[in-house]
Amino acid sequence: MRYEELTIEGRNAVLEAFRSGKTIDKLFVQDGCKDGPVQTIVREARKTDAIINFVPRERLYQMSETGKHQGVIAYAAAYEYAEVEDILKAAEEKGEPPFIFLLDGIEDPHNLGAIIRTANLAGAHGVIIPKHRAAGLTATVAKTSAGALNYTPVAKVTNLAQTIEDLKKRGLWFVCADMGGEVMYRLNLKGPIGLVIGNEGNGVGKLIREKCDMIASIPMKGDIDSLNASVAAGVLAYEIVRQRLS
């Protein structure tokens, strides 16, 4: 089981993490802070194996991802990465053909969080992300996913192209979003499917695009040339949902 470190910031969030039994590796507390809530957090931390560090306020601002640390930052063992097998099993348990999001180099944690949220609401069984040149499951991702990270398994793989090949052998079809493709409404997106969403700037890489069975374009009427990656994921995901419902 692989974990990525999660940064928890703010008094309520950190206290809740300790009280819920989450494994906290390190706690950083503003040196000299005597506020009641902060002292309560330190007391809770002393009941655990957490390493407590008292640091200057400037250090907390350097460490903070949100800028709203309120004098405390904790590093916890974050969300457990699933295996691809767990995602397929989730589909099997629901008696549904697999529906998986594959993200080719999504680097913005807000986009990743929003896509995980969409995947959850669209009924996808999981999300697959690459190990390299992509955002991992950080505090920002967790926050932007609005809780979806607790329910939607995310697997991290070394080689996305190889994973697609392996999943094809398991009966999945793959569709990627690309401007040069067939209008999505004309494609048959039913059955076991992998939805591939590309990097915010460059889209889906050439190698991954060649592995896809279908290339879908989203009709656009405006004056700019592309949608944000998480919005594109939502639009395509819901066309898949529509076809599944019909």
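Residues numbered from 1 in each chain as written. Predicted model: local features only at pLDDT ≥ 70, side-chain atom pairs only at ≥ 80, totals over all residues. Heavy atoms only, no water.

Side note on the pattern of salt bridges
Overall, the coordinates contain ten salt bridges when judged by the stated rule. Between E44 and K47 there is a salt bridge, with the nearest N and O atoms lying 3.3 Å from each other. Classification of E44 by relative accessible area gives buried; the value is 15%. Taking the shortest distance from any N to any O, the salt bridge between E239 and R242 comes out at 2.7 Å. Of this pair, E239 and R242 both sit in helix α9 (residues 229-245), three residues apart, roughly one helical turn. Accessibility expressed as a relative area gives 45% for R242, which makes it partly exposed. (Salt bridge = Lys/Arg side-chain N within 4 Å of Asp/Glu carboxyl O. Buried < 20%, exposed > 50% of the residue type's maximum accessible area, 1.4 Å probe, protein only. Helix = DSSP H or I, 4+ residues; strand = E, 2+ residues; numbered from the N terminus.)

Some points on the nonpolar core
Judged by nonpolar contacts, the single largest core of 57 residues is most densely connected at F99 and F101. Top element by residues in this core is α9. It accounts for seven residues. Beyond its immediate chain neighbours, meaning those up to four positions away, F101 contacts I115, T118, A119, A124, G126, V127, I128, L195, A233 and A237. In terms of nonpolar packing, the next biggest core, distinct from the first, is built from 19 residues, L102, A155, A161 and L172 among them. (Core = buried A, V, L, I, M, F, W, Y, C linked by side-chain atoms within 4.5 Å. Contact = heavy atoms within 4.5 Å.)

Describing the sheet that holds strand β5 (residues 99-104)
The strand order across the open sheet built from six strands is β7-β6-β5-β9-β8-β10, with neighbouring strands paired in parallel fashion. Both outer strands of the open sheet, β7 (154-157) and β10 (214-217), are each paired with one neighbouring strand and no more. Here the average twist between neighbouring strands, direction ignored, is 30 degrees. In this structure, strand β8 (residues 173-183) lies alongside β10, joined through five bridges in parallel fashion. When the bridges of β10 are listed, A177 appears paired with A216. Contacting β5, β6 (126-130), β7, β8 and β9 (193-198), helix α7 (residues 160-169) runs over the sheet at an angle of about 160 degrees to β5. Sitting on the sheet, α9 is in contact with β5, β8, β9 and β10, with an inclination near 165 degrees to β9. (Pairing = 2+ DSSP bridges. Axes fitted to C-alpha atoms, helices over the stretch in contact; angles between N-to-C directions.)

Details of a nonpolar patch on the surface
On the surface, a cluster of nonpolar side chains totalling about 340 Å² of accessible area is made up of M179, M220, L227 and V231. The residue L227 is located in the loop between β10 and α9 in this model. (Patch = residues over 30% accessible without salt bridge, like charges linked within 9 Å, V, L, I, M, F, W, Y side chains within 5 Å. Areas by Shrake-Rupley, 256 points an atom, 1.4 Å probe, with all protein chains shown as cover.)

Some points on the environment of Y238
Relative to the elements of secondary structure, Y238 occurs in helix α9. Through-space distance from the C-alpha of Y238 to that of E44 is 44 Å; in sequence the pair is 194 residues apart. For Y238, the residues in contact, after removing those within four places along its chain, are T118, L121 and A122.

What about the pairing of β6?
For β6, a buried count of five out of five residues is recorded, marking the element as mostly surrounded by other parts of the structure. By the alternation rule, side chains of β6 split into G126, I128 and P130 and V127 and I129, which are all buried. For the crossover from β5 across helix α5 (residues 109-121) to β6, the handedness is right-handed. Relative to β7, β6 is paired through four bridges, and the arrangement is parallel. When the bridges of β7 are listed, I128 appears paired with A155. In the classification by handedness, the crossover that spans β6, the intervening helix α6 (residues 139-144) and the parallel β7 is right-handed. (Right-handed = clockwise from strand over helix to strand, strands pointing away.)

Let's talk about the packing of aromatic side chains
Scanning all chains against the criterion turns up two aromatic pairs. Summarising the aromatic geometry, the rings of F28 and Y75 are spaced 5.5 Å apart at their centres and angled 65 degrees between planes, so their arrangement reads as edge-to-face. Of this pair, F28 sits in strand β2 (residues 24-30) while Y75 sits in strand β4 (residues 72-80), placing them 47 residues apart in sequence. For the residue pair F28 and Y75, the accessibility class agrees, reading buried in each case. Considering the side-chain rings of F99 and F101, the 5.6 Å spacing of their centres and the 45 degrees angle between planes classify their relative orientation as tilted. Given a relative accessible area of 1%, F99 falls into the buried group. (Phe/Tyr/Trp six-rings, centres within 6.5 Å; stacked < 30°, edge-to-face > 60°.)

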